[in-house]
Amino acid sequence: MEIENNLPKTFEPEASQDRWYDEWMKQKCFKPRPGKQGKTFTVLMPPPNVTGKLHMGHALDATTQDTLVRYKRMKGFETLWIPGTDHAGISTQAVVEKLIWKEEKKNRHDLGREEFLKRIWHWKEQYGSEIVNQQKKMGVSCDWDYSCFTLDDIPNQAVKKFFVMLFNEGLIYQSDYIVNWDPVLQSAISDAEVEHKDVKGFFYHVKYRVKEDPNITLIVATTRPETMFGDTAVAVNPNDERFKDLIGKTAIIPISNREVPIIGDEHVDMEKGTGCLKVTPGHDFNDFEIGKRNSLPIINILNKDGTFNKNAPEIEGLKPKEARAEVERILIELDLLVEKKEHMNSVGHGQRSDEIVEPMVSKQWFLNTTQMAEDAVKAVEEGDMTFFPKGWENTYFAWLKNPKDWCISRQLWWGHQIPVYYCRHCDAKWAAETDPSECVECKGKDFFQDPDVLDTWFSSGLWPLSTLGWPDEQAMKEKGFDRFYPNECLITGFDIIFFWVARMMMMGMKVTGKVPFNHTYIHAIVRDKQGRKMSKSLGNGIDPLDMVKQYGADAMRFTLAAGSGYNRDLNLDPERIEGYRNFVNKLWNAFRFVSPFLEKAQDELPVKSEWHLHDKWILAELNDVAKVMNEAMDVYRFDDASAAIYSFVYDKYCSWYIELSKNILYGTNERDKVIRATMLKYCFKKIVALLHPITPFITEEIWSHLSNGQGLLMTQSYVEYDEELENAEVKELMNKFIDVTTGIRNIRSSVNMKPKDEIDVRIFTDDEKLAKFAYDSRRFLKDLANVKSGTIRNKAQARPKKSASLATSFAEIFVPLEGIIDISEQVNRITKDIEKTKAEYSKVEAKLNNQNFMANAPEAVRVEVNQKAKLAQDKLASLNQILASFQ
RNA sequence: GCGAGGUUAGCUCAGCGGUAGAGUCCUUGGUCGACAUCCAAGUUGUCACAGGUUCAAAUCCUGUACCUCGCACCA
């Protein structure tokens, strides 16, 4: 029979991807639709930066979320996936500033705030949607109508409302405090944005004279001698016998010769350094605390760009590194430097700028998070929000159980300007949700808004609320706030557990009293195949769009899903994507095989009495896969789900079911052909449904050929486990049949037979069911192992002499080839197998002889071990039979 | 310093009390109507190390070594 097939030989992803994405959009498949569960399912996409380009982390985010969302949608939940983008204050401002500098050699101050912001908005309109288009290439099925930008009207309102609320409660306050100052951004940054890196530096021992007693010099140890211009005390431990008497006296700072008090403070560690500490409250976190305790003055010696100011005249205008060298030179000149030795120092760097941050005292806005943090901890402890995998709650707790006030002001222009107003006339200071027209106190018109903007994470923290319309009541109604809040699940990486997850928890609970989401699934960080972080400097980045182009979005997605379980690293090797591309193609070709027979297939399964054993078997196996996949998806084990369907498609459906079907489909019995075609089609529909959440494009493509106008696959029901289809007996029988077939192939291979050499096979078994089934299946054995003829007898019968042979625990297989085969080689094979089987047997035998085992092991285990012993014995007996046949 | 995770086949990883698994790689053999992005057969492991608990340990406990990652400190 000639088969006509105009389907391409390999799956062509690109055309399929665009076509189906457009179709899904056209049919509004991404919009929430009430389903049979009668419940909603909401997922919030971590909003990528508008400056962003899709990287592997995003691709993983997109894959896990889209897989989950498509799954839940098919399960019949009213599913909403909310997309959006983040204004990402610091990085966006930096990107645009750099661009303007490159093109016009102007900085933001040259342009002025208003003009600069106009430029950023312009840039955002032009490039900000790039990442969205890239997400679409990956097939994400979020409801784009919900899409939101953190600087849109509603998020703006949310930020102001929340700010004013907490301001009026006294939780947001302004204070002169020592903060991490990023000299490149010229802004304060939060503790969380500081990364500590080890830097090689020096330890300096410097002489400080004592005014009251010229004979005494104090040796002060420091890593930063240049900051001595900001010293306002020298501190020793009050219990330190060496220096006790000096407390209350006066030290003279080198170079500037300024006089400062010598104080006692418990913070000073007698063991460390020289036991004498220079105190610089303006530029060191610990010293700031010492200063507060001892009412020391603060001297700021740095400009906003990190250079030294006029309070350090000898090094004014220098950068810290140059200043240090200069101070060192002067100290040597004055013979005040006692010692300089190498020292590894961990120094704070700005996360965005990668520049050394300088502790500096300045007026900033802080949010007191003590109570909110406590509530957020409690919510997880009491199970209102659960982490998957659970271990990540430790990271969450570590941050929230030791809350520090959060510095929320940034000296930037791009972001939410702090809604606090100052009256020039009467010194009033107030927070307002809407632009005020007059001073709240004196009704004067001469007031101004605080120039700072809020930390990006302040608006991100309100994201679960603002994306659903809060605080605008009309918008909340339209977007279904009451139905979709709390979200069901948040999916993100562990690096932003405290930046984002913790803050959403705190802020969401503060506003609504309810957690913003019930689950947090923390996925892995994508690394290169050697486990290194992907970075520009290493050049080891893998561009997801390249991969999509090369292998298709489905292959890319399957790879990421298969790598996503409860692991924290995902080491990605492009070869793996290639492997899964092959899988996608395998599926395609399986479909190509089935497709010519679809005409014959009926829509309904035939009555059970017409099911062939193969049919019962494949339906039972398919049912198992459905069970595994449902269970795995529900707990975010995308790896288990992927593995289950992968092995089903390859090892069950293609290798056996399709192969066994050929004889029927190319045979003469028309009724059998119809049944088999129907079964193949039925299974294929289930396979593509099961796979659809992971590989949406090819499955939708194949479905379009199978569906007979049932609509799109993505709107179909997911495959559920069905107890009726369980069939342990059939599975056991098929497995034995597979073992026999494999055994025959094995024998063929061991004697180097060509595939086209036909053979005669003698099978000996006492398993009557198998004997009957194998006999009935003789035409299939011809196809599968080129068996021309053979016999099936019970083990009481005599074995053929000198045959290539093999034994399982339930059958012996002989292929008489006397004269052709190398007997000694066959004897070797069998002997080796005997050794192996003996070893297995002695293991179980030891258990059975162990009285403690028999007394303590559970019944089920004992039965199992007994069975194993019997199987091993049976196999041994068979092997010995075979060995005897060589005599 | 505190905390979390890891160490299983050459590579990438799953398994987390009852006979060591997958993919990939490798070896051998295969062209005829699904697929060479394929098929068949095969090889591959002191489950880091040392103790302990248990009838039974890759799996639980303790310790050691090495690797990752957080957090803190750093005069």
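Procedures and definitions
Residues numbered from 1 in each chain as written. Chains lettered and ligands numbered in written order. Predicted model: local features only at pLDDT ≥ 70, side-chain atom pairs only at ≥ 80, totals over all residues. Heavy atoms only, no water. Helix = DSSP H or I, 4+ residues; strand = E, 2+ residues; numbered from the N terminus. Rg over C-alpha atoms; globule rule 2.2 N^0.38 Å. Buried < 20%, exposed > 50% of the residue type's maximum accessible area, 1.4 Å probe, protein only. Contact = heavy atoms within 4.5 Å. Areas by Shrake-Rupley, 256 points an atom, 1.4 Å probe, with all protein chains shown as cover. Lys, Arg positive; Asp, Glu negative; His and termini not counted. Charge placed at Lys NZ, Arg CZ, Asp CG, Glu CD. Pairing = 2+ DSSP bridges. Axes fitted to C-alpha atoms, helices over the stretch in contact; angles between N-to-C directions. Core = buried A, V, L, I, M, F, W, Y, C linked by side-chain atoms within 4.5 Å. Salt bridge = Lys/Arg side-chain N within 4 Å of Asp/Glu carboxyl O. Near = heavy atom within 4 Å. Polar contact = N/O pair within 3.5 Å; in protein donor to acceptor, adjacent residues only side chain to side chain. Nonpolar A, V, L, I, M, F, W, Y, C, P; charged D, E, K, R; others polar. Expected span 1.5 Å × (residues − 1). Parallel < 35°, antiparallel > 145°, perpendicular 65-115°, else oblique. Left-handed = near helix turned anticlockwise from the far one by under 90°.

J.: Please give an account of the overall build of chain A that cites residues and values.
T.: A count of helical and extended segments in chain A gives 29 helices and 29 strands. In terms of overall size, chain A is more extended than a compact globule, its C-alpha atoms giving a radius of gyration of 37 Å where 887 residues would be expected to give roughly 29 Å. When the 887 residues of chain A are sorted by exposure, 53% land in the buried category. Contacts in chain A between residues at least 24 apart in sequence constitute 77% of all its contacts with a sequence separation of at least 6. As displayed, chain A offers around 40400 Å² of accessible surface, 47% of which is attributable to carbon and sulfur atoms. For chain A, the distance from the average position of its 118 positive side-chain charges to the average position of its 132 negative side-chain charges is 5 Å.

J.: Give a description of the side chain of Glu393 that names residues and reports values.
T.: Residue placement: Glu393 occurs in helix α11 (residues 392-400). Judged by its relative accessible area of 15%, Glu393 falls in the buried class. Residue contacts for Glu393: discarding those within four places in its chain leaves Val380 and Phe387.

J.: So what about the sheet that holds strand β27 (residues 787-793)? Which residues, and what values?
T.: Across the sheet, which stays open at both edges, the four strands sit in the order β27-β26-β29-β28 with mixed pairing between neighbours. Edge strands, defined here as strands with exactly one partner in the open sheet, are β27 and β28 (803-807). Taken pair by pair, the neighbouring strands of this sheet meet at an average axis angle of 20 degrees, ignoring direction. Pairing of strand β26 (residues 759-765) with β27, which is carried by six bridges, proceeds in the parallel orientation. From the neighbouring strand, Ile759 faces β27, where its bridge partner is Val787.

J.: So what about the nonpolar core? Which residues, and what values?
T.: Tyr653 and Phe684 are the most contacted members of the largest nonpolar core, which totals 135 residues. The contacts of Phe684, once residues within four sequence positions are left out, are Leu587, Ala590, Phe591, Val594, Tyr653, Ile702 and Leu706. With 62 residues, the next largest nonpolar core counts Ala373, Ala376, Met505 and Val515 among its residues.

J.: I'd love a proper account of the pattern of salt bridges, names of residues and values included.
T.: Applying the stated criterion across every chain, the model contains 60 salt bridges. A salt bridge links Asp145 to Lys31, with the nearest nitrogen and oxygen atoms 2.8 Å apart. Taken as a pair, Asp145 in the loop between α6 (130-137) and β4 (148-149) and Lys31 in the loop between α1 (13-26) and β1 (40-44) lie far apart in primary sequence, 114 residues in all. Under the relative-accessibility criterion, Asp145 is labelled exposed at 60%. Its relative accessible area of 27% is what places Lys31 among the partly exposed residues. For Lys278, the salt bridge is made with Asp231, and the minimal N-O distance between the two is 3.1 Å. Pair noted here: Lys278 is in strand β12 (residues 276-279) and Asp231 is in the loop between β8 (217-222) and β9 (233-236), with a separation of 47 residues, a long-range link. The two residues Lys278 and Asp231 agree in class, both being buried. A single salt-bridge network, built from bridges that share partners, covers Glu104, Glu115, Lys118 and Arg119.

J.: Give a detailed account of the environment of Ile744, specifying residues and quantitative values.
T.: Of note, Ile744 is situated in helix α24 (residues 728-750). Residues Ile744 and Ala785, spaced 41 residues apart in sequence, show a C-alpha to C-alpha distance of 6.7 Å. Other than its neighbours up to four places away in sequence, Ile744 contacts Ile759, Val761, Leu781, Ala785, Val787 and Ile813.

J.: Go over the protein's contact with RNA strand B, please, and point to the residues and values.
T.: Surrounding RNA strand B, one finds 58 residues, the nearest of these being Phe203, Asn286, Ser346, Asn571 and Tyr666. When the atoms of RNA strand B within 4 Å of the protein are grouped by moiety, sugar and phosphate amount to 63% of the total. Residue Arg592 places a side-chain N or O atom 2.8 Å away from a sugar or linking oxygen belonging to RNA strand B. Between RNA strand B and Glu659, the relevant distance is 2.8 Å, taken from a base nitrogen to a side-chain nitrogen or oxygen of the residue. Counting residues per element, the surface near RNA strand B draws most heavily on helix α19 (residues 574-594), at 10 residues. Its residues assigned to classes, the surface near RNA strand B comprises 18 nonpolar, 21 polar and 19 charged.

J.: Residue-level account of α24, with values.
T.: Taking 1.5 Å of rise per residue, 23 residues should cover 33 Å, and α24 covers 32 Å from first to last C-alpha, within 8% of that figure. Looking one or two residues beyond α24, the residue adopting positive phi is Asn752, at roughly 55 degrees.

J.: Can you break down the sheet that holds strand β19 (residues 429-431) residue by residue, with the values?
T.: Spatial ordering of the open sheet is given by β19-β18-β20, a layout of three strands whose pairing is antiparallel. Two strands in the sheet have a free side with no partner beyond their single neighbour: β19 and β20 (447-449). Strand-to-strand, the axes of this sheet are offset by a mean angle of 25 degrees, without reference to chain direction. Bridge count between strand β18 (residues 420-423) and β19: three bridges; the pairing is antiparallel. Each residue of the ladder has a partner; that of Tyr421, found in β19, is Trp430.

J.: For the packing of helix α21 (residues 638-665) against helix α26 (residues 778-785), give the residues involved together with the corresponding values.
T.: Following both chains from N to C, one finds α21 and α26 inclined at 120 degrees, their axes separated by 9 Å at the closest point. Classified by the angle their axes make, α21 and α26 are oblique. Classified by chirality, the crossing of α26 by α21 is right-handed. In contact with Trp656, Glu659, Leu660, Asn663 and Ile664 of α21, α26 contributes Arg779, Phe780, Asp783 and Leu784. When its residues are assigned to classes, the contact of α21 with α26 shows five nonpolar, one polar and three charged.

Any functional reading would require information beyond the geometric quantities listed.
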